[in-house]
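Geometric and topological summary
Here is how the chains run, residue by residue.
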Amino acid sequence: MSKVRVAGFSLSIDGFGAGPEQSLNDPLGKRGPELFEWFFPTQTFQAMFGKEGETEGADAKYAALANTGFGAFILGRNMFGPIRDEWPDENWKGWWGDNPPYHAPTYILTHYPREPIVMEGGTTFYFVTGGIEEALTQAKAAAGGKDIKIGGGVSTVRQYLQAGLVDEIHYAISPVLLGKGETMFAGIDLPSLGFHVTAHEATAKATHILLKK
């Protein structure tokens, strides 16, 4: 049976999953890229640009695990782009260019309807206005028995956690203090939600924490 997973989600030591002031020039917010220093050198990331990257070590292992086995993805609107409110036109098609890294049906949570966008490489973006449970129902139907990844951002992950809809989590805790941004854990009681740590592994650039129910 498919699982709902949060995987490869980077956090600062003080619990922020993105920096403040997200914009077209800073899609991860100010200093947000510092959270992903463990991920950028890996083959999983570099392959998105047709390049070779690191294949050995824990960071490479967890990067690969965080991006395989998924039949559908769910993203918040901020993960799709910086546009707020009504869609001004049909021009914006995501941060990733013509061939996004998902290669599967990808459901965008939004308050504003939009027709699906078929991209290269097997990604189709669907825009869901009925909330997180409707998006999950659609994702499960499309996943073909594979897992569903809650890709972010922080607000989206928090909503799925609070609703008790997540089965497994992989956080990558980077040795960075952001001080402000989007906080992951405020008001979230992971033990009460049934989670416990099942594995952890540290590298120079991140501590990987696996949690399951």
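Residues numbered from 1 in each chain as written. Predicted model: local features only at pLDDT ≥ 70, side-chain atom pairs only at ≥ 80, totals over all residues. Heavy atoms only, no water.

1. Section: the side chain of T156
With respect to the secondary-structure elements, T156 resides in helix α5 (residues 154-162). Exposure remark for T156: the relative accessible area of 5% places this residue in the buried category. Once residues within four sequence positions are removed from consideration, T156 is found in contact with L75, G76, L109 and I150. (Helix = DSSP H or I, 4+ residues; strand = E, 2+ residues; numbered from the N terminus. Buried < 20%, exposed > 50% of the residue type's maximum accessible area, 1.4 Å probe, protein only. Contact = heavy atoms within 4.5 Å.)

2. Here's the deal with the pairing of strand β1 (residues 4-11)
Counting buried residues along β1, 8 of its 8 residues qualify, which places the element largely inside the surrounding structure. Judged from the 2 bridges that link them, β1 and strand β7 (residues 147-152) form a sheet pairing that is parallel. Of the residues in β7, the one forming a bridge with R5 is K149. Sheet topology places β1 next to strand β8 (residues 168-173); 5 bridges connect them, and they run parallel. (Pairing = 2+ DSSP bridges.)

3. Quick word on the packing of aromatic side chains
With the rule as written, the count across this model stands at 18 aromatic pairs. Relative to Y102, the ring of W96 has its centre 5.2 Å away and its plane inclined at 90°; by these criteria the two rings are edge-to-face. Ring-pair connections join several aromatic residues into one group, and the members of that group are F70, F73, F80, W87, W96, Y102, F125 and F127. Lying over the aromatic face of W87, R77 brings its terminal NZ or CZ to 3.7 Å of the ring centre. (Phe/Tyr/Trp six-rings, centres within 6.5 Å; stacked < 30°, edge-to-face > 60°. Lys NZ or Arg CZ within 6 Å of the ring centre and 35° of its normal.)

4. Details of the sheet that holds β7
The strand order β5-β6-β4-β3-β7-β1-β8-β11-β10 describes an open sheet built from 9 strands, whose pairing is mixed. Edge positions in the open sheet fall to β5 (117-118) and β10 (196-202), since each of these has one partner strand only. Where β10 and strand β11 (residues 207-212) come together, 6 bridges link them in antiparallel fashion. Paired with E201 across the strands is H208, a residue of β11. On the sheet, α5 packs against β1, β3 (70-76), β4 (105-109), β7 and β8 and is oriented at approximately 130° with respect to β7. (Axes fitted to C-alpha atoms, helices over the stretch in contact; angles between N-to-C directions.)

5. Details of the pattern of salt bridges
Under the counting rule described, the total for this entry stands at 6 salt bridges. Between R5 and D147 there is a salt bridge, and its shortest N-O distance comes to 3.1 Å. Taken as a pair, R5 in strand β1 and D147 in strand β7 lie far apart in primary sequence, 142 residues in all. This pair shows no difference in class: R5 is buried, exactly as D147 is. (Salt bridge = Lys/Arg side-chain N within 4 Å of Asp/Glu carboxyl O.)

6. Thoughts on helix α4 (residues 132-142)
Burial in α4 covers these residues: I132, A135, L136 and A139. Buried residues in α4, looked at end-on, bunch into an arc of 100°, giving them a common side. Away from the buried face of α4 by more than 90 degrees, exposed residues E133, T137 and A141 are located. Contact partners of the buried residues in α4: β1, β3, β4, β6 (124-128), β7 and α5. Directly beyond the C-terminal end of α4, a positive phi value near 60° is found at G144. (Arc of directions from axis to C-beta.)

7. Brief notes about the side chain of S12
Of note, S12 is situated in the loop between β1 and β2 (16-18). Of note is the side chain of S12, whose polar atom sits 2.5 Å from the side chain of D14. If we skip the residues at most four places from it in the chain, S12 touches L35, I173, S174, V176 and L178. (Polar contact = N/O pair within 3.5 Å; in protein donor to acceptor, adjacent residues only side chain to side chain.)

8. Focus: the pairing of β4
Burial analysis of β4 places 4 of its 5 residues in the buried class, the great majority of the element. Relative to β4, β3 runs parallel, the two sharing 4 bridges. Residue G76 lies in a different strand from β4, and its bridge partner there is L109. Of the pairings in the sheet, the one linking β4 to β6 comprises 5 bridges and is parallel in character. Within the sheet, the bridge partner assigned to Y107 lies in β6 and is Y126.

9. As for the UniProt feature "domain: Bacterial bifunctional deaminase-reductase C-terminal" (unreviewed entry) in the protein chain
In the numbering used here, UniProt assigns the feature "domain: Bacterial bifunctional deaminase-reductase C-terminal" (unreviewed entry) to residues 11-205. Its end C-alpha atoms 12 Å apart, residues 11-205 is made of 18% helix and 23% strand. (UniProt positions renumbered as here; feature names shortened; annotations may be inferred.)

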